[in-house]
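Summary of structural features
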Amino acid sequence: MNPQKKVDLKLIIVGELGVGKTSLLHQYVHKTFYGEYQTTLGASILSKVIILDDTTLKLQIWDTGGQERFRSMVSTFYKGSDGCILAFDVTDLESFEALDVWRGDILAKMEQSYPMVVLGNKIDLEDRKVPPEMAQGWCEEKDISYFEVSAKNDINVAQAFEVLARQALSRY
Ligand code: GDP
Ligand code: MG
């Protein structure tokens, strides 16, 4: 069966500097882990086409490109986006605590039903500071799906993006 519908979705990924946002995006789109990425000012956009059920989805995923340092993102970054990945590093407690601020920032600009998923990245590392239950609990409270992922070892990355894409698609 040929997919009938075509939908363009703009997704964004936010979170503290160094949590692995750019790595997650490259793992998802290019199936590679480079390890080192330059932080260039200005958003960069990666595209990927996926098929979900009977729909061809063209995903445009916006990466912050270093501006997360200043926390308050330019509104053009959020504007018109269909969903968001909130990313933190499971070995960095502060990056998890910062999710409250990132979420608050987004909800101040977007509707209440705006699709979001949380990714706890770097689960390949030993020195974990955020236990799964802690992150899971925070997400359940907010009714957000939680994924434990590794951009490095390609664990759960595509699954997480796909769940967000499905949520965003269901609002069309
Ligand atoms: P960003 O600032 O959020 O875009 O983070 P980057 O993608 O630039 O990654 C920051 C650092 O974390 C880099 O040194 C990456 O190699 C490293 N990193 C990213 N993802 C992982 C992961 O899943 N596991 C490990 N061990 N390191 C990672
Ligand atoms: Mg980056």
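Residues numbered from 1 in each chain as written. Chains lettered and ligands numbered in written order. Predicted model: local features only at pLDDT ≥ 70, side-chain atom pairs only at ≥ 80, totals over all residues. Heavy atoms only, no water.

Next up on the list: the confidence of the model for the protein. Here the protein averages 92 in pLDDT, while 94% of its residues score no lower than 70. Predicted complex, confidence summary: ipTM 0.99, pTM 0.95. (pLDDT = per-residue confidence, 0-100.)

The subject of this paragraph is helix α5 (residues 132-142). Of all the positions in α5, only Ala135, Trp138, Cys139 and Lys142 are classed as buried. Along the axis of α5, the buried residues cluster in a sector spanning 95°; they form a single face. Away from its buried face, by an angle of more than 90 degrees, α5 presents the exposed residues Glu133, Glu140 and Glu141. Among the structural elements, β4 (83-89), α3 (93-97), α4 (99-109), β5 (116-121) and β6 (145-148) are those in contact with the buried residues of α5. Residue Asp143 follows α5 closely and has a positive phi angle near 60°. (Buried < 20%, exposed > 50% of the residue type's maximum accessible area, 1.4 Å probe, protein only. Helix = DSSP H or I, 4+ residues; strand = E, 2+ residues; numbered from the N terminus. Arc of directions from axis to C-beta. Contact = heavy atoms within 4.5 Å.)

Regular strands place side chains that alternate from one sheet face to the opposite one. Across the 7 residues of β4, 7 count as buried, placing the element largely inside the fold. Inspection of the sheet shows strand β1 (residues 5-14) paired to β4 by 4 bridges, in the parallel sense. Residue pairing in the sheet places Val14 in a bridge with Leu86 of β4. Across 6 bridges, the pairing between β4 and β5 is parallel. Its bridge partner being in β5, Cys84 is matched across the sheet by Met116. (Pairing = 2+ DSSP bridges.)

Judged by nonpolar contacts, the single largest core of 29 residues is most densely connected at Leu24, Tyr28, Leu57, Leu59, Ile61, Ile85 and Leu119. Mapped by element, the contributors of at least two residues to this core are β1, α1 (21-30), β2 (44-52), β3 (55-63), β4, β5 and α6 (157-169). The biggest single contributor to this core is α6, with 7 residues. Other than its neighbours up to four places away in sequence, Ile85 contacts Ile12, Ile13, Val14, Val117, Leu119, Phe161 and Leu164. Counting 24 residues, the second largest nonpolar core, distinct from the first, contains Val14, Phe77, Val90 and Ala98. (Core = buried A, V, L, I, M, F, W, Y, C linked by side-chain atoms within 4.5 Å.)

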